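Residues per chain, in single letters:
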Amino acid sequence: METELSKKLGVEHAIFGFTPFPAVAAAITRAGGFGVLGAVRYTAPDDLARDLDWMQEHTDGKPYGLDVVMPARKVEGVTEADVEAMIPAGHRQFVQDTLAKHGVPELAEDEASGWRITGWMEEVARSQLDVAFEYPIKLLANALGSPPADVVQRAHDGDVLVAALAGSARHARHHADAGIDIVVAQGYEAGGHTGEIASMVLVPDVVDAVGPLPVLAAGGIGSGEQVAAGLALGAQGVWLGSLWLTTEEADLHSRALTRKLLAAGSSDTVRSRALTGKPARQLRTEWTDAWDDPSGPGTLPMPLQGLLVAEAVSRIQKYETGALLGTPVGQIVGRMNTERSVQAVFDDLTSGFERAVDRINRIAGRSVA
């Protein structure tokens, strides 16, 4: 599964794996793909440095990258406390009422919320980059589109390629104009923040819009046959995220959540603003239902919603409150039925890719070795 882009980055397979878990990212790289570590949960630079040190020791000298959540436009002088103060009291009460309805205990007085969407904050994201550029990362990806121009320039000065996610051809052209090196065309089926266009339509649209800039296909990809489809549509690789959540190396800190993922079907996800304030595909739960119910207060815009629900998410996860317990995940969850190692996933992807190529060769009347 080599393409021009994978050869440029020095990887065997054009499979880019996004994950918040260093052990998974390193395993993806060791298996011949390109591991991309998600940075949004690292609010302390020392924690990111610790895990990048670990990545250095466990990637066998092979390349890897980092994914940040960073707005293209800088907002001067706005602190997290300023944003917190914008959250209406009625929304805070709705959170407490929903948790109380399901009997979710409080955190201990000395226990801080472990999950916060703060990587979008200018100072947090830049502190992550200050750390990351001290390491030999080969790719910087931004989940919110094109990062600020000075960040793109800083990456290019260090021979680091920059990727940005796009949900439409219009977004992709904007990224190309901003000097982005790789566009990730993320379809409606994907986990996390998505647009409204399905991958089968989106990928060729983006390829046509920004060619010859390389495009990665993302959303609804979990088999080698689907990898082959993405490449057939003109992509130079695939971007996989959800598939790694049920690997043995993943550290979800919740067996209950793992069981929910393994049992879920492709129709058990919903595109909801409940987690961050932007439409993000995730497991459908009574938590997402509560926020999407017209009788409720409705979600707040990003980043207010993420800050509002941060402690609630930590409590739900810690106490494994089944009815509310969820996670961002794509529709491919219906194929994630067993826990496997990252290497086993790669073995399935490569064998499925070979089957797909052989099938097409037979249809085209070409001999198969």
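Before reading further, recall that the structure is shown in the block above.
Here we summarise the structure given alongside this text. Given the structure is predicted, the values throughout are model-derived calculations rather than measurements. (Residues numbered from 1 in each chain as written. Predicted model: local features only at pLDDT ≥ 70, side-chain atom pairs only at ≥ 80, totals over all residues. Heavy atoms only, no water.)

**Describing the pattern of salt bridges**
Cut-off, in case you're wondering: Put simply, a salt bridge is a Lys or Arg side-chain nitrogen that is within 4 Å of an Asp or Glu carboxyl oxygen.
The full count for this structure, using the stated rule, is 12 salt bridges. Via salt bridges that share partners, Arg41, Asp47, Arg50 and Asp51 belong to a single interconnected network.

**Examining the environment of Ala235**
Quick reminder of the rule: The helix count covers DSSP runs of H or I at least four residues long, the strand count covers runs of E at least two residues long, and both are numbered beginning at the N terminus. In what follows, a contact means two residues having at least one pair of non-hydrogen atoms within 4.5 Å.
Among the secondary structure elements, Ala235 is positioned in the loop between helix 10 (224-232) and strand 9 (237-240). A sequence separation of 78 residues divides Ala235 from Asp157, and the C-alpha atoms of the two residues are 26 Å apart. Not counting residues up to four positions away in its chain, the partners in contact with Ala235 are Val203, Val207, Val215, Leu216, Ala217 and Gly230.

**A short note on the packing of aromatic side chains**
Basically, it comes down to this: In this scheme Phe, Tyr and Trp rings, the latter by its six-membered ring, pair at centre separations within 6.5 Å, and the angle between planes marks the pair as stacked below 30 degrees, edge-to-face above 60, and tilted otherwise. Each residue gets one of three labels from its accessible area relative to the maximum for its type: buried under 20%, exposed over 50%, partly exposed in between, using a 1.4 Å probe on protein chains only. Charge-over-ring contacts are defined here by two conditions on Lys NZ or Arg CZ: a distance within 6 Å of the ring centre and an angle within 35 degrees of the ring normal.
The tally for this structure, following the rule as stated, stands at 5 aromatic pairs. Residues Trp244 and Phe346 carry aromatic rings whose centres are separated by 5.9 Å and whose planes lie at 25° to one another, so their mutual orientation is stacked. One end of the pair, Trp244, is in the loop between strand 9 and helix 11 (255-263); the other, Phe346, is in helix 14 (residues 342-363), and 102 residues separate them in sequence. Of the two residues, Trp244 and Phe346, neither departs from the other in class, the shared state being buried. Both rings, one in Trp287 and one in Trp291, keep their centres 6.0 Å apart while their planes meet at 70°; by these two values the pair is edge-to-face. Of the two residues, Trp287 and Trp291 both sit in helix 12 (residues 286-292), 4 residues apart, roughly one turn of that helix. Take Trp291: its relative accessible area is 3%, and that puts it in the buried class. Each residue in the set Phe94, Trp287 and Trp291 is aromatic and connected to the rest through ring pairs, giving one cluster. Taking NZ or CZ as reference, Arg281 lies 4.5 Å from the ring centre of Tyr188, over its face.

**Section: the sheet that holds strand 11 (residues 280-283)**
Consider a sheet: its strands pair through backbone hydrogen bonds, and that pairing is either parallel or antiparallel. For clarity, the threshold we go by: Note: two strands are recorded as paired if DSSP finds a minimum of 2 bridges between them.
Taken in spatial order, the 3 strands line up as 7-11-10 in an open sheet, and their pairing is antiparallel. Only two strands of the sheet have a single neighbouring strand rather than two, namely strand 7 (192-193) and strand 10 (269-272). Sheet analysis places strand 10 next to strand 11, joined by 4 bridges and oriented antiparallel. What sits directly across from Arg271, in strand 11, is Arg281.

**Here's the deal with the sheet that holds strand 6 (residues 182-186)**
Our working rule: Interaxial angles span 0 to 180 degrees and are taken between N-to-C directions of axes, which are lines fitted to C-alpha atoms, for helices over the stretch in contact.
Pairing is parallel around the closed barrel formed by 8 strands, whose spatial order is 1-2-3-4-5-6-8-9. Each strand of the sheet is rotated relative to its neighbour by a mean of 25°, with strand direction disregarded. As judged from the 3 bridges shared by strand 1 (residues 15-19) and strand 9, these two strands associate in the parallel manner. When the bridges of strand 9 are listed, Phe16 appears paired with Trp239.

**Description of unusual backbone geometry**
Residue Gly211 is joined to Pro212 through a cis peptide bond whose omega torsion reads 5°. Along the polypeptide, Pro212 turns up in the loop between helix 9 (199-210) and strand 8 (215-218). Phi at His253 is positive, roughly 60°, even though this residue is not glycine. For His253, the position within the fold is in the loop between strand 9 and helix 11. Although it is not a glycine, Glu320 adopts a positive phi angle of roughly 45°. Inspection of the secondary structure puts Glu320 in the loop between helix 13 (304-318) and helix 14. Residue Glu320 is classed as partly exposed on the basis of its relative accessible area, which comes to 33%.

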